[in-house]
Amino acid sequence: MGKRFHRVVAIDGPAASGKSSVARELARRLHFAYVNSGAIYRVITWHILQKGIDPGDSDRVAQTVESARISCRLQNNESRILIDDVDPAEYLRDDRVNENVSRVSSLPRVRAIVVQKLRGYAHHQDLVMEGRDIGSVVFPDTPYKFYVDASPDVRSRRRAAQGQRDEIAVRDQADSSRRVSPLVVAKDAHVIDTSHLTIEGVVSEIIAQLKRMGLRI
Ligand code: DC
């Protein structure tokens with residue numbers, strides 16, 4: 001028999017929709033661990049670039065990822081990812097990673113590895129996990145699924161305010177149109193438009209919905 005999963009609240013949505021801030025605060029309020037699934041794709045992309053591998057060479061990228069040691073743990077209720085014993089956390093928002101992460105994350109062989117790693121987190125603790133396919137592919141059986149969105153204008157302004165150059169429209173297009181596990185609204189997800197809400201407002205709405213669904217908090 002497979003290992004039992006703990007409870008998982010899935011928060012999916014496009015780039016700069018507010019999902020990281022919401023998911024982190026929600027996890028804090030629920031006393032669940034917080035996992036940012038995009039960070040694993042970013043760690044892998046950083047590793048590929050660091051090794052001088054062309055992100056467009058799908059076979060070489062897949063082989064490299066398959067032979068890398070990727071360790072995903074929970075530390076103080078947050079995930080910590082090491083690749084070949086290196087923790088590249090401080091480089092994950094570099095321009096080069098931003099520019100290449102959609103391409104690397106579109107590869108089925110890369111996704112197969114990441115999905116297994118993400119499921120592994122739920123063997124240890126209750127989780128709030130954010131990403132693109134958490135409710136649709138990684139944990140399709142969790143009843144607690146949310147899809148947060150905001151207008152493209154608001155999202156661009158949020159990234160700019162963080163001082164980041166991130167072509168979110170380009171990434172959205174790539175993330176939504178890829179063949180494997182594209183960004184979709186899971187059919188049973190609760191959709192929340194965060195354009196005119198504060199983080200606190202979104203978190204309160206999600207907690208109210210979770211209580212209505214019978215989640216014991
Ligand atoms: O959430 P983020 O912007 O840090 O994610 C970086 C990239 O990783 C995003 O452009 C698409 C990919 N991603 C994915 O394909 N599936 C996920 N569950 C999370 C992220």
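Preceding this paragraph is the structure being described.
The rules behind each value
- Numbering of residues starts from 1 in each chain and follows the order in which that chain's sequence is written.
- Restriction of local features to residues with pLDDT of at least 70 applies here, the model being predicted, together with a cutoff of 80 or more for giving and counting side-chain atom pairs; totals for whole chains, interfaces and linings are based on all residues.
- For side-chain calculations, the full set of non-hydrogen atoms in the structure is used, while hydrogens and water are omitted.
- Here, nonpolar core means buried Ala, Val, Leu, Ile, Met, Phe, Trp, Tyr and Cys residues that are tied together by side-chain atoms lying within 4.5 Å of each other.
- Relative accessible area decides the class of each residue, using a 1.4 Å probe on protein chains only: under 20% of the type maximum gives buried, over 50% gives exposed, and in between gives partly exposed.
- The helix count covers DSSP runs of H or I at least four residues long, the strand count covers runs of E at least two residues long, and both are numbered beginning at the N terminus.
- Pairs of N or O atoms within 3.5 Å make up the polar contacts considered here, provided that, within protein, one atom can donate a hydrogen while the other can accept it, and that residues adjacent in sequence are counted only when both atoms are side-chain atoms.
- Working rule for contacts: check all heavy atoms of both residues, and any pair within 4.5 Å makes them a contact.
- Picture the helix axis, draw a direction to every C-beta atom, and the arc is the one those directions span.
- With axes taken as lines fitted to C-alpha atoms, and helix axes fitted only over the stretch in contact, angles between N-to-C directions fall between 0 and 180 degrees.
- Every angle not falling under 35 degrees, over 145, or within 65 to 115 is termed oblique; those three ranges are roughly parallel, roughly antiparallel and roughly perpendicular.
- Throughout, a crossing is termed right-handed when the near helix is turned clockwise from the far one, and left-handed when it is turned anticlockwise from it by less than a right angle.
- The residue classification treats Ala, Val, Leu, Ile, Met, Phe, Trp, Tyr, Cys and Pro as nonpolar and Asp, Glu, Lys and Arg as charged. All others, Gly included, are polar.
- In this scheme Phe, Tyr and Trp rings, the latter by its six-membered ring, pair at centre separations within 6.5 Å, and the angle between planes marks the pair as stacked below 30 degrees, edge-to-face above 60, and tilted otherwise.

J.: For this particular structure, what's the right way to read the nonpolar core?
T.: In this structure, I44, V61, V110, L118, Y121, L127 and M129 are the most contacted members of the largest nonpolar core, which totals 35 residues. A total of eight residues in this core trace back to one element, the largest contributor, which is helix α2 (residues 37–50).

J.: Before we go on, may I ask you to explain the side chain of N100 in this structure?
T.: Its location among the elements puts N100 in helix α4 (residues 95–105). Here the side chain of N100 touches R96 through a polar contact of 2.9 Å, landing on its backbone oxygen. Sequence-distant contacts of N100, defined by excluding residues within four places in its chain, comprise T45, L49 and P55.

J.: I'm lost on the environment of L118 in this one. Help?
T.: You can see L118 is positioned in helix α5 (residues 108–121). Discounting residues that sit within four places of it in the chain, L118 has contacts with V35, S37, I40, M129, I134, V138 and F139.

J.: Could you clarify how one ought to interpret helix α8 (residues 168–177) in this entry?
T.: Residues lying three or four places apart along an α-helix face the same way, a consequence of the helix completing one turn every 3.6 residues. For α8, the set of buried residues is I168, R171, D172 and D175. Buried residues along α8 cover an arc of 100° about the axis, so they all sit on one side. Looking at α8, the residues exposed on the side facing more than 90 degrees away from the buried face are A169, V170 and Q173. Check the buried side of α8 and you find it contacts α2, α4 and α7 (152–161).

J.: I'm lost on the packing of helix α3 (residues 58–67) against α5 in this one. Help?
T.: Packed helices, taken two at a time, are described by the angle between their axes plus the distance between the axes. Orientation of α3 relative to α5, taken along the N-to-C sense of each, is 20°, at an axis distance of 8 Å. With respect to each other, α3 and α5 are oriented roughly parallel. For the pair α3 and α5, the crossing hand works out as left-handed. Contacts between α3 and α5 involve D59, V61, A62, Q63, V65 and E66 from the first element and R109, V110 and I113 from the second. Counted by class, the contact of α3 with α5 contains five nonpolar, one polar and three charged residues.

J.: It is not clear to me how the packing of aromatic side chains should be interpreted in this structure. Could you clarify?
T.: Aromatic rings in a pair are described by how distant their centres are and how their planes are angled relative to each other. Tallied over the entire structure, the rule returns two aromatic pairs. Ring centres of F5 and F139 lie 5.4 Å apart, and the angle between their planes is 85°; this geometry places the pair in the edge-to-face category. Of this pair, F5 sits in the segment before β1 (8–12) while F139 sits in the loop between α6 (134–138) and β6 (144–149); the two residues are 134 residues apart in sequence, bridging distant segments of the chain. The class of F5 is partly exposed, set by a relative accessible area of 37%. When its relative accessible area of 5% is taken as the criterion, F139 is described as buried.

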